[in-house]
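Here is how the chains run, residue by residue.
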Amino acid sequence: MKTFINEEFLLTTEAARRLYHEHAEKMPIFDYHCHLNPAEIYENKRFSDIGEAWLAGDHYKWRVMRANAVPEKYVTGDADYHEKFNRFAAVMPGLIGNPIYHWSHLELKRFFGIDDLLGPETADGIWECANRKLQSPEGAARSLITESNVRALCTTDDPADDLKYHSLLAEEGFSTKVLPTFRPEKALNITDPGFPAYMEKLGNAAGVKISTIDDVRSALAQRLDYFAERGCRLSDHSFGSPDFTIWDEKAAEEAVRKGLAGEIPTEYEAAAYQSVMMDWLGAKYAEKDFTMQLHIGAIRNLNTLRYRALGADVGCDSIGDVISAESLAALLDRMAVKDSLPKTILYTLNAADNDKLAAAAGCFQDESTAGKIQFGSAWWFNDHYDGMTAQIKSLANIGVLSRFVGMLTDSRSFLSYPRHEYFRRILCEIVGGWIDKGMAPADYDGIGRIIEDICFNNVWNYIGPEK
C-alpha cells in the first residue's frame, strides 16, 4: 500500500522527481532564520515526549486546536503533554488543507519512521514510537539538528543578550554552526510602555547611559561590535506597516525624550524615529557586511483578553495592511543614495505585497553582490503550498529565481527541518512543471545546479557564515 508521505509526495511529473531526487534532496540546510533557544542547543535538550516537542510554544498548532474548540487547558494550560497530544491528534484528521497536516506527517516520517496518519485511533502507537526515540540519545536536540543535515543555523537575539551559549558552542566545536542574529526590535518600538525599562537594560549591556538618540546609537553600535565578534552575520527587523517617508531628526529626538520619560510619542514622531534609526542601522550593517532582514506586515496581539492572560506570541497575531510602495522605496533609496544599503531580504506577511516587494528589490540591485536585494521566502501565514508557490512564481516572473536564497524554518521547534524538504519539493514541482510543459528546457544538469543553488549554495555564499 502506498503511504501518504512517499518518494513522490508533491512531485507529479518525472521532471519534478528528477530535480528533487538528483539535486534538491542531497543538499545540506542553512537555517538562516529561526527562533531556537541557543541554551537548549548547548545543553542538548532532551524532550520528555512528543507532546512537549510538538506543542510547547507552537502557536500554529495552538490556533488550529482553538479553532476546534479545544479548551485552553489542553492548549497552553496546565494539562500534561500526553493529554495535549491526544487533543491535537483528535483534531488532525480535520486539518486537510492546512500546512500543519503536511508538516506533522513529514516530521513523523522523517524523524520517527512513522507512516501512520495521526488521529485518535493511532495516537497511542505514535506516542509510544516517537517517545522511544526522543528519550534516547538520538532524540536530543543536537542529534535532531545533525540528523537533518544542518550545516549552520542563525538564532534570533536581542542586542542586550550576552550570547553566552553561542560562545560556549563555538568553543566546544559543535558540528553545526550556531550564529546569533541582531534583532533590535525593542529598541525601535518606541511606543511600547516597556521602552524605558528596555533602554536601561540595553544601556547596562553596552555600558552607556541612555538619555538621547545619540546614546541609543552608541549603545547599539557597541552591541553590534559584540555580536560581530561572536559570528553574527545578519540583523532582523519586524514592522507592521511603517511609514519610512517621514524624515525629521528633531521629531525623532523628541520621540526618544518622550519614550524615556514614559510618555507615548505621536505617530509622526514614532515614524520619524524608526526612519532615522533604520537609516543609521542600515549603514552600520553595510559596514560590517551584515545582511538586513525586514519582516513586514504583521499586526500583533489582536485578542486583548488572551494577551492579558497569556502574553505575546500565543497565536493571536495576524496579517496586517500592506506597506506602501513609497515607504519601502524611501527606506531603500535613502541608504542607496549614501552608498550604505546593505544586503537586504524583504519578507511580507500580506501576499498582496508579493509583486511589490519583488519589483522593488529589482530597483536596488548592483554589482557588489548577486541578488543583493532579495524577495524572501513565503513567511508565516504564507508558508503553505499555495503561499510558497505564489512567492516562487512572483520572484521568477519579476526577478531572478536562480539567485534566490531559499527557505528557512522561522521556528522554535527542533522538529521543523522537514519544512525545507516541503519547500524543495514545491520548488521542484514548479520548475519540473515548466520542463514538462516545454516552458523550460530538459537541461537537468544546468537546471539541477540552479535547484542546488536555491536550496543551499546561494544563501551560504550570500550570508557568508564562515567569514
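Quick caveat: nothing in here was measured; it's all calculated off a predicted structure.

Student: Is there a simple way to think about the state of the cysteines in this case?
Tutor: In this structure the tally under the stated criterion is zero disulfides. No disulfide involves Cys154; its nearest neighbouring cysteine sulfur is the one of Cys34, lying 7.6 Å away. Using a relative accessible area of 1% as the deciding quantity, one classes Cys154 as buried.

Student: Mind showing me how you'd approach the nonpolar core here?
Tutor: Soluble, globular proteins show a tendency: their nonpolar side chains are buried together. With 155 residues, the main nonpolar core has Tyr32, Phe88 and Tyr273 as its most contacted residues. If you tally residues by element for this core, the top one is helix α20 (residues 444-463), at ten residues. Ignoring any residue separated from it by four or fewer positions in sequence, one finds Phe88 in contact with Trp54, Leu55, Lys61, Val64, Met65, Leu95, Ile100, Ser104 and Leu118.

Student: How do you make sense of the sheet that holds strand β3 (residues 177-179) when you look at a structure like this?
Tutor: Hydrogen bonds between backbone atoms are what pair the strands of a sheet, whose relative direction is either parallel or antiparallel. Across the sheet, which stays open at both edges, the three strands sit in the order β1-β2-β3 with parallel pairing between neighbours. In the strand order of this sheet, the two ends are held by β1 (29-31) and β3, each with one partner. Strand-to-strand twist across the sheet, computed as the mean angle between neighbouring axes with direction ignored, equals 10 degrees. Note: β1 against strand β2 (residues 150-154), three bridges, orientation parallel. Note that in β2 the partner of Ile29 across the bridge is Val150. Its contacts with the sheet place α20 against β1 and β2, and it is angled at close to 50 degrees to β1.

Student: How do you make sense of helix α19 (residues 418-436) when you look at a structure like this?
Tutor: Residues separated by three or four positions in an α-helix point in the same direction, a consequence of the helix having 3.6 residues per turn. The first and last C-alpha atoms of α19 sit 26 Å apart over 19 residues, in line with the 27 Å expected at 1.5 Å per residue. Within α19, 17 of the 19 residues are buried, leaving the element largely enclosed by the surrounding structure.

Student: I'm lost on the side chain of Ser411 in this one. Help?
Tutor: Here Ser411 lies in the loop between α18 (385-398) and α19. For Ser411, a relative accessible area of 6% gives the class buried. Each residue touching Ser411, except ones within four places of it in the same chain, is listed here: Cys34, His35, Leu36, Ser416 and Arg419.

Student: Looking at this structure, I do not really get the sheet that holds strand β6 (residues 291-296). What am I missing?
Tutor: Taking strand neighbours across the sheet as the criterion, the five strands line up as β4-β5-β6-β9-β10 in an open arrangement whose pairing is parallel. Only two strands of the sheet have a single partner each, and these edge strands are β4 (181-182) and β10 (373-375). The sheet contact formed by β6 and strand β9 (residues 343-348) spans six bridges and is parallel. The partner of His295 across the bridge, within β9, is Tyr347.

Student: Explain the side chain of Arg425 to me, please; I cannot follow it from the model alone.
Tutor: Structurally, Arg425 is set in helix α19. Given the relative accessible area of 0%, Arg425 is considered buried. Excluding its chain neighbours within four sequence positions, the residues that come into contact with Arg425 are Asn6, Glu7, Glu8, Phe9, Leu10, Leu11, Tyr20, His21 and Arg110.

Calculation notes
- Residues numbered from 1 in each chain as written.
- Predicted model: local features only at pLDDT ≥ 70, side-chain atom pairs only at ≥ 80, totals over all residues.
- Heavy atoms only, no water.
- Disulfide = S-S within 2.5 Å.
- Buried < 20%, exposed > 50% of the residue type's maximum accessible area, 1.4 Å probe, protein only.
- Core = buried A, V, L, I, M, F, W, Y, C linked by side-chain atoms within 4.5 Å.
- Helix = DSSP H or I, 4+ residues; strand = E, 2+ residues; numbered from the N terminus.
- Contact = heavy atoms within 4.5 Å.
- Pairing = 2+ DSSP bridges.
- Axes fitted to C-alpha atoms, helices over the stretch in contact; angles between N-to-C directions.
- Expected span 1.5 Å × (residues − 1).

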